[in-house]
Amino acid sequence: MNRTYTRTRVWTRVVGTGLILGLAACTTTRPRVAPRLDQVFHPSKLAEIDAAIAQAVADNRCPGGVLWLERHGAAYRKAYGRRALVPAEEPMTQDTIFDAASITKVAACTPAIMLLVERGQVQLDAPVKTYLPEFSGEGRDAVTVRHLLTHTSGLRPDISLKPEWSGYAAALALCYAEKLQAQPGDRVIYSDTGPILLGEVVRRLTGQPLDQFLAREVYGPLKMVDTGFNPSPAKRERIAPTEVENGQPVRGVVHDPRARRMGGVAGHAGLFTTASDLARFARMMLNQGELDGVRLFRPETVRLMTQVQTPAHLTARRGLGWDIGSSYAGQRGTVFPLGGYGHTGWTGTSLFIDPFSGTFIIFLSNRNHPTEAGNVIALRRQLATLAAQAVIGFNFSYVPGALPELTNEPPRRPVSSSRNVAVLNGIDGLAKQKFAPLKGLRVGLITNHTGHDRTRRATIDLLKAAPDVQLVALFSPEHGIRGALDEKIGDSVDEQTGLPIYSLYGESRQPKAEQLRDLDALVFDIQDIGCRFYTYISTLGLALEAAGKARRKVFVLDRVNPIGGAAVEGPVLVGEPSFVGFHTIPLRHGMTVGELALMFNAERKFGCELTVIRLEGWTRDLWLDETGLPWTNPSPNMRNLTEATLYPGVGLLESAVSVGRGTDTPFEVVGAPYADDVKLADALHGAGLQGVRFVPIRFTPKASTFKDRPCGGVYLVVTDRDRLPAVDLGIALALTFQRLYPKDFALDKLSNLLRHPPTLDAIRAGQSLADIKKAWVTDLAAFEKRRAEYLLYR
């Protein structure tokens, strides 16, 4: 006996400023009894999926996880690794309950609102103030429910955590007072504030808190027995813990700080669920709103949720709640066609549904246990790609209607990759504002050759020509105003503008009181590379200190972290600060200069009046080459993004061995006169590092350590930068040199940049890399908690 299911075909048309996507239904029969797994998925690809997750666990990108891959009722489900690592190890099980994080937006907030849309209680294009009168004034009157669901409201990513607040009502008061960062419909700003507001809409219209409404209307009918908010203590043992706080892992309490302060129930975060329950939800979506005879939505409602709802001029494609093709949509992989929909969660969760093949993939992990150091961004993409490749009998290269109709680009332009995002640095944003924040001010500019806009116009020239802004002086960091020097620098005069240039890398590394006397403000615009001992951030910190003492304003023109803002690596600085270790942060800090400025100013109590001119369009998973921004060598030996990627680890060794300074590939080669290149490469391959390979090489550096001396060493080939732990690479290099050449290797010379005596002692003792990293965990966890307070971007 057969039953029918609906397979969809996509069509689109442009109406006004929006793109309308339709799903034309065609019926196909499938057996009531699910087919065998090997009839649906290639076993070899399932084995590759297993290996990918096992490798991620081995690389400490997550302690474990649960996978659920299903098509036409045939499901491949499996648990991997550990549910908990501290205080005691626990095996992962398929029934583990996870903090779903932002999957709450699509598995809680969106279905709740769409049920009210179906019932005529909510109109998508009605102003939010229709339901929440407090949300009005200052441009908020134009924000609609659709804007909130598509993240096009113009609201910033989050309400502030400072000053301290607590309670549901306090959160709503902050939401009502939020100022828009853009006109509604102008751009996508991924925001938690919209779902928080929508949760309150549900409460007001139904008379029930969001969690109670969902339990009755969604999770109960769908038999999602382990899904809800604030899980029962009886389920605690099955809950995957997240970060360690106050010496104990968080378990059964939502990780998101805003949802936690709201009592654990919010539209943006707070949901706990299992892979099995989420699979029931995905089946309901694929079956067009019905599951096991229970009708939750009309088919047209499901189609409305999962079609492109963002305006045609925007490259980010979002449905109602669902992500279809934005910079966050890595969970689609590289094979599933555009037109599927999904979402991810901060804690390491993801869901993707492909309506064309009838496939969905769920991967739930607690990647931030016991610290925020875990990262599954690349793993999600890899799993989705392998899942699509595993599907038997479906041609993803030809899916009628899937790709062209789903592009939001004008027809004359090619479809752009979701990994080529148009990002604006702070100087670009300042220019868009016509330099209004600096109006009427006498400013000093701390900059160098990296200070330019995305068309390479120098910030010096832009400020000099800015109306109502008086550029009075320039300040240069290490390497000078043109970035060409590797020595101490004196004061000078800029040839083009005639302005004085005060050196911050000479007899003084901080602006002097007399240099600030005639200024109202300092402006900082220098490109950092994301590593603690790269000294531009020290110059930033010292400038903030000087400005605080002189009661001068500081404006930081934020710039992307070129090696991404998601990964955090290495030991946190121990001991007194220095110019190559300004603050208690790890070697790879995962922050922008604007975020670091906020941290320095607050934690060092500089008392500076600080303004960060924010980035536009950047998310933490983006590398510089995915932003459309030009590369400029930030220093003489930092010549490409690969070298910047390697620098937090390889740079540690630059006083002990040659790291390629004085060659054409600085930081891409490592060696010493006493090293056997073949033996060294073999030993390093034995370390089992991911994302890098080692080629034996002979080279003679023309500068720095071992100048003019032939060296044996290795050329570092980065094969997967998302999987490459750069700091682990640096420690592995040191361990290998110390083991092979203990009498020649100058281990102690690492101390100036490493700034972590226990790690140095452990290398000397020949401890394993895994044991060395255990000594970092507590401080890294504390840093991650501190860091979260200052992050400006999702």
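Parameters and conventions
In this convention, every chain numbers its residues from 1, walking through the sequence in written order. This being a predicted model, a pLDDT of at least 70 is required before a residue's local features are given, and a value of 80 or more before pairs of side-chain atoms are given or counted; all residues contribute to the totals for chains, interfaces and linings. Excluding hydrogens and water, the side-chain figures rest on all heavy atoms present in the structure. Any pair of Phe, Tyr and Trp rings, taking the six-membered ring for Trp, is counted once the centres come within 6.5 Å. Such a pair is stacked with planes under 30 degrees apart, edge-to-face with planes over 60 apart, and tilted for the rest. Secondary structure is summarised from DSSP: a helix means a run of H or I of at least four residues, a strand means a run of E of at least two, and numbering begins at the N terminus for each. Only protein chains enter the calculation, and the probe is 1.4 Å; a residue is then buried if its accessible area is under 20% of its type maximum, exposed if over 50%, and partly exposed in between. Cation placement over rings: the criterion is NZ of Lys or CZ of Arg within 6 Å of the ring centroid and within 35° of the ring normal. Contacts were defined at the residue level, with two residues in contact if any of their heavy atoms lie within 4.5 Å. Pairing between strands requires that DSSP locate at least two bridges from one strand to the other. What makes a nonpolar core is a set of buried Ala, Val, Leu, Ile, Met, Phe, Trp, Tyr and Cys residues whose side-chain atoms join them at distances within 4.5 Å.

Caption draft 1: Representation of the packing of aromatic side chains within the structure. In total, this model carries 16 aromatic pairs according to the counting rule given. Each ring, one from Trp618 and one from Tyr793, has its centre 5.6 Å from the other, and the planes form 85°; the classification is edge-to-face. Of the two residues, Trp618 sits in the loop between β26 (609-613) and α17 (641-650) while Tyr793 sits in the segment after α23 (777-788), which places them 175 residues apart along the sequence. For Tyr793, a relative accessible area of 6% corresponds to the buried category. An aromatic cluster of at least three residues, connected via ring pairs, comprises Phe533, Tyr534, Tyr536, Tyr647 and Phe667. Positioned over the ring face of Trp165 is Arg261, at 5.4 Å from the centre of the ring.

Caption draft 2: Looking closely at the side chain of Lys45. Here Lys45 shows up in helix α2 (residues 43-58). The residues contacting Lys45, other than those within four sequence positions of it, are Leu386, Gln389 and Ala390.

Caption draft 3: Spatial organisation of the sheet that holds strand β7 (residues 228-229). With antiparallel pairing, the three strands of this open sheet are ordered in space as β6-β10-β7. The outermost strands of the open sheet, each flanked by one partner alone, are β6 (98-99) and β7. Sheet analysis places β7 next to strand β10 (residues 271-273), joined by two bridges and oriented antiparallel. If you follow Gly228 over to β10, its bridge partner there is Phe272.

Caption draft 4: Local environment of the nonpolar core. With 106 residues, the main nonpolar core has Ile731 and Phe737 as its most contacted residues. If near-sequence neighbours (up to four positions away) are discounted, Phe737 is found in contact with Leu653, Val657, Val670, Gly671, Ala672, Tyr674, Ala675, Leu680, Pro742 and Phe745.

Caption draft 5: Looking closely at unusual backbone geometry. With an omega of 0°, the peptide bond between Val86 and Pro87 qualifies as cis. Following the sequence through the fold, Pro87 ends up in the loop between β4 (74-84) and β5 (90-91). Looking along the chain, the bond that leaves His369 and enters Pro370 is cis, with omega of 0°. Its location among the elements puts Pro370 in the loop between β17 (359-365) and α11 (377-390). In the Ramachandran plot, Lys223 falls in the positive-phi region, its phi being about 60° despite a non-glycine side chain. Inspection of the secondary structure puts Lys223 in the loop between α7 (210-219) and β7. Overall, Lys223 belongs to the exposed group, its relative accessible area being 54%. Of note in this structure, Asp468 is not a glycine but carries a positive phi near 65°.

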